[in-house]
Amino acid sequence: MSYSTNVVSNYQTAEYGKFIQFSSGDTRYPAVSVTRIQYPDSTLFQPGCALPPVSSVDIYPKYAVLVHDTSTSVSNALPFGDNGAIDAFGRLRVSNPVTLMDSKQLYGSSSLFDQVLSGSGDGVFISGDSAIYMRTFFANDFVIRQTLQRFNYQPGKSIQAFMTGTFGTQENIIKRVGMFSGSTTIPYNPIDGIYLENNSGNISLNILKTQGTSNTESIPQSAWNVDPMNGNGPSKIVLDLSKTTIFTLDYEWLGVGRVRAGFVIDGKTYYVHHFNHANSFSVAYMTSPNQPVRYEIRQTEIGSGEMQHICSTVISEGGEQNVGNPFSIYANSISNIGSTYFCPILILRKNMNYKNIVSQITELNVVNTNNQYGHFILIADPNISGGTVTFSNSAKGLEYAIGTNALSASGGTILYGGYVNKDSATGIIQVSEKCPTLGEKIDGTPQTIALAIKTFSGNGSFGGLVNVLERG
């Protein structure tokens, strides 16, 4: 398309200096109309004149801001260009991302990540580098690090992730990073999701789906359809994965949407490949959009390998509304709860038959039915002893059990705590920002969260409930 690079230069134009002029033969864009307004100008009045002089100004009606992407001739192209300025749904990015997860490793391994090792593989925290060095030494060694939680995708909102580390080439070494999940049995091979891979120097971007109708998309660096980053692409950048790397991806799912992958260099996002699925695929391109963040290194033969896991975040662009399937789980009054240990009255865990559903405790309430003060806690992954816990009650995304006064909970991580007065109730307490979604380990072991209570002295009777929101 032809256009003039000269800006409109009429000094009388109210929008002076803000337009370029498209050629009159281009019918895809309507002509910009002009309204001329004339008005008496008393500042120019001269004695002896019947009327003051008239000034005029040309007004360009602002029905829309027109920005033309000169890199494409498609008339319905994105107005701001198909680049890092827009999200996965083509909307102009503004500064309102909502963080679903952020992980830094300043003093050791982030508690958000599970880790499995095989053979001599290890994951070592290096103080000062704020990184986990994932290392292998012999054939079949591997190290996998994956978030316990999956991150909920809301249709119509772009999921964006950033993952940093080093992923340089080493012989007989496979390195992967992305939002993907694997089998729950050794060797925990990838089964669903999106990732960057460096297999002994063969660098590729991948989408994998092994459930239902399988889908494998593995695009080598030489075939990246935006910028191969070999020095000859639009950016003129040569990608060096041996140096600290910011890998980014964003996606629209809806089962059939687009995935973009790229790198952030010097503060600018360079997308290097687009996976396009709408109007070309007959099934969903991956089973679930609710994926964890995952880093892995695998050794296939002799040699050794090393990659760094530094920092990562997952963002929902455009906010996140608490919509889904809400329900309550409650335990009626349990008597003879003592003061020497915390008694779990409600125990919840992820239902691995529905592992792609994201379930979160949003509220809790504790009631005290006697004259003993109570101390309650929400505790993640406690050691429960004193009897057998039977998860006979099941909601869709989670399983739960009602405790007894014989059970005790110790260890684990206390997420929230408080007190309840004699013969009283706490009322509804909001805990969604303090309590993570229920997750699972790499081997498929579900994460457990318990509501546990003890008295200050003597025995007491307590009941409790938790409100849960399921999304998926």
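What you see is a predicted model, and the numbers here were worked out from it, not measured in a lab.

Novice: How should I be thinking about the overall build of the chain in this particular structure?
Specialist: Along the chain, the regular secondary structure elements total 0 helices and 31 strands. A burial count over the chain gives 47% of its 472 residues as buried. On the chain, roughly 22700 Å² of surface is accessible, and the fraction owed to carbon and sulfur atoms is 50%.

Novice: Is there a simple way to think about the packing of aromatic side chains in this case?
Specialist: Ring pairs (aromatic) are described by centroid distance and by the angle formed between their planes. This structure, assessed with the given rule, holds 11 aromatic pairs. With 6.0 Å between their ring centres and 20 degrees between their planes, Y153 and Y251 make a pair best called stacked. With Y153 in the loop between β9 (142–147) and β10 (158–166) and Y251 in strand β15 (residues 245–251), this residue pair connects regions lying 98 residues apart in the sequence. Residue Y251 is classed as buried on the basis of its relative accessible area of 0%.

Novice: Sorry if this is basic, but what is going on with the pairing of β15 here?
Specialist: Along any regular strand the residues' side chains alternate between the sheet's two faces. Across the 7 residues that make up β15, a large majority, 6, are buried. In this structure, β10 lies alongside β15, joined through 7 bridges in antiparallel fashion. From the neighbouring strand, I159 faces β15, where its bridge partner is Y251. Judged from the 5 bridges that link them, β15 and strand β16 (residues 259–265) form a sheet pairing that is antiparallel.

Novice: Would you mind going over the pairing of strand β22 (residues 358–368) with me for this structure?
Specialist: Extensive coverage of β22 is indicated by the burial of 10 of its 11 residues. Summarising the sheet, β22 and strand β29 (residues 429–430) pair through 2 bridges and their orientation is antiparallel. Along β29, the bridge assignment pairs L364 with I429.

Novice: What's the story with a nonpolar patch on the surface in this structure? I'm lost.
Specialist: On the surface, Y373, Y419 and F456 cluster together to form a nonpolar patch covering roughly 380 Å² of accessible area. On the secondary structure map, Y373 appears in the loop between β22 and β23 (374–380).

Novice: Would you mind showing me how to read the sheet that holds strand β25 (residues 393–394) here?
Specialist: Within a sheet, neighbouring strands are paired by backbone hydrogen bonds and run either parallel or antiparallel to one another. Read from one edge of the open sheet, 6 strands run β25-β26-β21-β30-β23-β28, paired in antiparallel fashion. Lying at the two open borders of the sheet, with one neighbouring strand each, are β25 and β28 (413–420).

Novice: Help me out: how do you make sense of unusual backbone geometry in this one?
Specialist: What is expected of a backbone is that most residues other than glycine have negative phi and most peptide bonds are trans. Across the junction of I186 and P187, the peptide omega takes the value 10 degrees, indicating a cis bond. Considering the arrangement of structural elements, one finds P187 in the loop between β11 (173–182) and β12 (190–199). Within the chain, K236 stands out as a residue other than glycine whose phi angle is a positive 65 degrees. Mapped onto the fold, K236 is located in the loop between β14 (215–220) and β15. Its identity as a non-glycine residue notwithstanding, L254 has a phi of 50 degrees, on the positive side. Locating L254 in the fold gives a position in the loop between β15 and β16.

Novice: In this structure, what is going on with the environment of G231? I would like to understand it.
Specialist: Along the chain, G231 falls in the loop between β14 and β15. Accessibility expressed as a relative area gives 22% for G231, which makes it partly exposed. If sequence neighbours within four positions are ignored, G231 has contacts with K236, I237 and V238.

Novice: Just checking my understanding: could you explain the sheet that holds strand β18 (residues 293–299) for this structure?
Specialist: Taken in spatial order, the 7 strands of this open sheet run β6-β9-β18-β11-β12-β13-β14, and their pairing is antiparallel. Only two strands of the sheet have a single partner each, and these edge strands are β6 (113–118) and β14. Ignoring strand direction, the axes of neighbouring strands in this sheet form an average angle of 15 degrees. Two elements, β12 and strand β13 (residues 202–209), share 8 bridges in a ladder whose sense is antiparallel. Residue pairing for β13: N198 is matched across the bridge by I203.

Novice: Help me understand the side chain of D192, please; the structure alone is not making it clear to me.
Specialist: Mapped onto the elements of the fold, D192 is located in strand β12. The side chain of D192 is buried and forms no salt bridge, while R150, the nearest opposite charge, is found at 5.8 Å. A polar atom in the side chain of D192 sits 3.0 Å from the backbone nitrogen of T287. A polar side-chain atom of D192 sits 3.1 Å from the main-chain amide nitrogen of S288. With residues near it in sequence (within four places) discarded, D192 still touches F180, S181, L208, K209, Q211, M286, T287, S288 and Q291.

Novice: Explain the environment of P220 to me, please; I cannot follow it from the model alone.
Specialist: Structurally, P220 can be placed in strand β14. When the C-alpha positions of P220 and S204 are compared, they lie 4.2 Å apart, and in sequence the two are 16 residues distant. The contacts of P220, once residues within four sequence positions are left out, are I203 and S204.

Novice: How do you make sense of the side chain of E317 when you look at a structure like this?
Specialist: Mapping E317 onto the fold places it in strand β19 (residues 305–317). Once residues lying within four places of it in the same chain are set aside, the contact partners of E317 are D87, A88, R93, K157, S158 and Q160.

Novice: Would you take a moment to explain the environment of N206 for this structure?
Specialist: Along the chain, N206 turns up in strand β13. A relative accessible area of 5% means that N206 is categorised as buried. N206 sits 14 residues away from P220 along the chain, and the two C-alpha atoms are 8.8 Å apart. In this structure the side chain of N206 is engaged in a polar contact, spanning 2.6 Å, whose partner is the side chain of S218.

Novice: I tried to follow the nonpolar core on my own but got confused; where do I start?
Specialist: Side chains that are nonpolar tend, in soluble globular proteins, to be buried together. Ranked by internal contacts, the top residues of the largest apolar core, which has 42 residues, are M179, F247, Y251, F263, V293 and Y295. With residues near it in sequence (within four places) discarded, Y251 still touches A88, Y153, K157, S158, I159, M179, I194, R258, V259, Y285, M286 and P289. With 29 residues, the next largest nonpolar core counts A331, I345, Y400 and F462 among its residues.

The rules behind each value
Sequence order as written defines the numbering, with residues in each chain counted from 1. Two thresholds apply to this predicted model, a pLDDT of at least 70 for residue-level local features and 80 or more for giving and counting side-chain atom pairs, whereas whole-chain, interface and lining totals are computed over all residues. Calculated side-chain values reflect all of the structure's heavy atoms, with hydrogen atoms and water omitted. Counting from the N terminus, the helices are the DSSP runs of H or I reaching at least four residues and the strands are the DSSP runs of E reaching at least two. Each residue is assigned to one of three classes by its accessible area relative to the maximum for its type, calculated with a 1.4 Å probe on protein chains only: buried under 20%, partly exposed between the two thresholds, exposed over 50%. Here the open area of atoms and residues is found with the Shrake-Rupley method and a 1.4 Å probe, where only the protein chains shown may cover a residue. Two rings from Phe, Tyr or Trp (for Trp, the six-membered ring) form a pair when their centres sit within 6.5 Å of each other. Planes less than 30 degrees apart are called stacked, planes more than 60 degrees apart edge-to-face, and all others tilted. Two strands qualify as a pair provided DSSP detects at least 2 bridges between them. Put simply, a patch holds well-exposed residues, over 30% relative accessible area, that have no salt bridge, with like charges counted together within 9 Å and Val, Leu, Ile, Met, Phe, Trp or Tyr side chains within 5 Å. Criterion for a salt bridge: a side-chain nitrogen of Lys or Arg within 4 Å of a carboxyl oxygen of Asp or Glu. Contacts are assigned to residue pairs that have any heavy atoms within 4.5 Å of one another. Fitted lines through C-alpha atoms serve as axes, helices being fitted only where they are in contact, and the angles separating the N-to-C directions of these axes extend from 0 to 180 degrees. Charge convention: Lys and Arg are scored as positive, Asp and Glu as negative, and His as well as the terminal groups of each chain are ignored. Polar contact is defined as a pair of N or O atoms within 3.5 Å, subject to the rule that within protein one atom must be able to donate a hydrogen and the other to accept it, and that residues adjacent in sequence are counted only when both atoms are side-chain atoms. Only buried residues count toward a nonpolar core. Its members are Ala, Val, Leu, Ile, Met, Phe, Trp, Tyr and Cys residues joined through side-chain atoms within 4.5 Å.

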